[in-house]
Amino acid sequence: MSSVDSRNYYYASTPVAAPYAPLRGEVRADVCVIGGGISGLSAALHLRERGYKVVLLEAEHLGFGGSGRSGGQSIFGYACEMSTLEKAVGGADARRMWDVACEGLELQRQLISRHRIDCSYVPGHMVVGMKERHDDALRDEVRHLADKYDYHSLRFIEREELRTLVASDRYTSALYDSNGGHLHPYRFTRGLGAAAAAAGVAIHEDSWVTKLDVAKGAGDDNVIHTAQGSVRARHLLVAGGALLGRLVPELARKLIAIGTYIVATQPLGEERARALIRNNAAVADMNWILDYFRVLDDTRLLFGGRVSYSGIDPLDSSRVLRKRIARVFPQLDDARIEYSWGGYLDITTNRAPHFGRLGPNAYFIQGLSGHGMVISGIAGKLVSEAIAGTAERFDMYSRIKHVNFPGGPWLRRPALVLAMLWFRLLDLL
Ligand SMILES: Cc1cc2nc3c(=O)[nH]c(=O)nc-3n(C[C@H](O)[C@H](O)[C@H](O)COP(=O)(O)OP(=O)(O)OC[C@H]3O[C@@H](n4cnc5c(N)ncnc54)[C@H](O)[C@@H]3O)c2cc1C
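Calculation notes
Residues numbered from 1 in each chain as written. Predicted model: local features only at pLDDT ≥ 70, side-chain atom pairs only at ≥ 80, totals over all residues. Heavy atoms only, no water. Phe/Tyr/Trp six-rings, centres within 6.5 Å; stacked < 30°, edge-to-face > 60°. Helix = DSSP H or I, 4+ residues; strand = E, 2+ residues; numbered from the N terminus. Buried < 20%, exposed > 50% of the residue type's maximum accessible area, 1.4 Å probe, protein only. Pairing = 2+ DSSP bridges. Near = heavy atom within 4 Å. Polar contact = N/O pair within 3.5 Å; in protein donor to acceptor, adjacent residues only side chain to side chain. Areas by Shrake-Rupley, 256 points an atom, 1.4 Å probe, with all protein chains shown as cover. Nonpolar A, V, L, I, M, F, W, Y, C, P; charged D, E, K, R; others polar. Axes fitted to C-alpha atoms, helices over the stretch in contact; angles between N-to-C directions. Parallel < 35°, antiparallel > 145°, perpendicular 65-115°, else oblique. Contact = heavy atoms within 4.5 Å.

(A) How the structure looks around the packing of aromatic side chains. On inspection of all chains with the given rule, the structure shows 12 aromatic pairs. A ring pair is formed by phenylalanine 293 and phenylalanine 329, whose centres lie 5.3 Å apart and whose planes are at 75 degrees; its orientation type is edge-to-face. In this pair, phenylalanine 293 is assigned in strand E13 (residues 292–295) and phenylalanine 329 in the loop between helix H10 (314–328) and strand E15 (337–347), connecting sequence segments 36 residues apart. Neither phenylalanine 293 nor phenylalanine 329 differs from the other in exposure class; each is buried. Measuring from centroid to centroid gives 6.1 Å for phenylalanine 355 and phenylalanine 394, while their planes differ by 10 degrees, and the two rings are stacked.

Right, here's the structure in full:
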């Protein structure tokens with residue numbers, strides 16, 4: 001299904017319970033959810049808690065998509081700037097969207113504690129700058145988000161102090177968020193799955209949805225087909241992220257799936273690992289094609305970066321990321337890379353989230369654009385509210401206008417190559 005390598009995949013060393021059985025035969029439900037990532041699982045869990053009969057279909061296994069293979073960074077806001085949302089929906093609704101994103105950070109922590117999910121959550125996130133322009137932008141961001149959005153957990157960090165926190169000469173300033181953090185994304189996703197199953201959601205793995213009959217009328221059922229069965233459900237949520245492919249062509253046209261890559265080093269030992277990031281925050285730089293990293297609880301450095309528009313040999317990816325690590329932490333030149341994997345991001349043209357409806361009772365969540373560890377959870381909760389009859393928060397996102405990705409299906413890759421060159425150029429400048 002995916003050409004991005006997932007064989008040498010650190011998180012998958014996590015032991016998991018027995019697989020959930022594939023869907024067989026015809027079943028009925030109130031709600032059918034497509035996608036066993038955080039979006040789908042959060043929606044399923046919240047709907048079940050409201051008393052709905054829910055069936056969730058996952059093509060591979062829970063956490064197979066971005067949710068289970070991400071950098072694990074829990075970051076405030078959206079992938080796009082707030083100014084993009086202000087232009088799209090006006091100041092008042094942009095403010096409500098900001099509040100939803102903040103609620104998402106809180107929800108993530110609540111889900112972890114309420115369902116006792118063992119996913120090594122660590123508070124603290126830093127965005128680091130590398131040049132004067134970045135320093136000014138970060139300083140402004142702290143002020144802007146405090147004044148306009150009442151967000152007060154950010155602190156600007158000057159170069160000298162940053163040097164005591166991150167053992168690298170590369171960075172000139174940082175924005176520290178005590179409200180952000182990082183976690184083991186695969187264990188979080190699987191934990192959410194276990195909570196949903198315990199609450200009574202019928203989960204089916206290895207159940208690739210091949211065809212949808214979306215209901216036209218509010219009183220009709222949606223019918224969802226897999227190779228071996230079907231689900232007839234009044235409500236439907238499509239939450240297939242970057243891996244949905246062309247199942248719903250009108251959704252596919254709004255996205256481009258970009259490959260992105262991560263490596264994990266050998267265990268570095270407590271002292272050496274902790275010396276890299278003294279406050280143990282997750283770190284992401286300000287480039288378009290950014291480096292992001294954190295120290296894992298087994299003292300490895302997890303380091304992500306580079307993107308591509310096609311599948312990439314994991315060995316090549318590992319070689320490139322080793323060079324990027326050396327630029328940040330030259331002191332790690334003897335550290336072995338033990339894991340290297342990738343995944344796809346579901347990017348929209350404006351990087352704003354793409355939520356909406358395919359029919360009166362058929363919802364979709366997509367386009368989290370590489371910034372979905374937090375938004376996916378709250379987006380699932382918004383769908384549960386909408387299905388239960390309070391759709392205002394979900395529906396405000398459908399007012400964000402999304403254009404088709406330029407070039408149509410066949411010209412997209414060349415268009416993306418050009419876009420990538422442009423982003424690289426921006427980073428160099
Ligand atoms: C390498 C990588 C690093 C990332 N790092 C970060 C980070 O540090 N911080 C951050 O905020 N975000 C990060 N992201 C983005 C984040 O992981 C995603 O935005 C988020 O997990 C999306 O969740 P989701 O549930 O919407 O989709 P997914 O997690 O992709 O789940 C969708 C699921 O749907 C299934 N599916 C698709 N089609 C079908 C079908 N036809 N039938 C049945 N099932 C189907 C897929 O198999 C998949 O399991 C990263 C992503 C990647 C790939």
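(B) Spotlight on the environment of glycine 219. Turning to its location among the elements, glycine 219 is positioned in the loop between strand E8 (209–213) and strand E9 (222–226). With a relative accessible area of 53%, glycine 219 lands in the exposed category. A C-alpha to C-alpha distance of 39 Å links glycine 219 and isoleucine 75, two positions 144 residues apart in sequence.

(C) Local environment of the pairing of strand E11 (residues 256–265). Burial within E11 is extensive, with nine of its 10 residues counted as buried. As defined by bridge partners, E11 adjoins E15 across 10 bridges and the pair is classed as antiparallel. Residue threonine 260 lies in a different strand from E15, and its bridge partner there is glycine 343.

(D) Here's a closer look at the site of the ligand. Of all residues adjacent to the ligand, which total 39 residues, the nearest are Ser39, Glu58, Ser67, Gly71 and Gln73. A distance of 3.1 Å is found between an oxygen atom of the ligand and a backbone nitrogen or oxygen belonging to isoleucine 38. Note that a nitrogen atom of the ligand is positioned 3.5 Å from one of the backbone N or O atoms of leucine 243. Relative to its unbound accessible surface of 1,000 Å², the ligand loses 97% to contact with the protein. Of all the secondary-structure elements, those providing two or more residues to the shell around the ligand are helix H1 (38–49), helix H2 (66–69), E11, E15 and helix H11 (372–387). Per-class residue counts for the shell around the ligand are 18 nonpolar, 19 polar and two charged.

(E) Representation of the environment of alanine 198 within the structure. Among the secondary structure elements, alanine 198 is positioned in helix H7 (residues 185–199). The class of alanine 198 is exposed, set by a relative accessible area of 71%.

(F) Molecular detail of the packing of helix H4 (residues 91–114) against helix H5 (residues 132–149). Closest axis-to-axis distance for the H4/H5 pair is 11 Å, and the angle between their directions is 110 degrees. As far as their axial angle goes, H5 and H4 are roughly perpendicular. Packed against H4, whose contacting residues are Ala94, Arg95 and Trp98, the element H5 presents Leu145, Lys148 and Tyr149 at the interface. Looking at the contact of H4 with H5 residue by residue, the class counts come to four nonpolar, no polar and two charged.

None of the figures reported here should be taken as evidence of function without further support.
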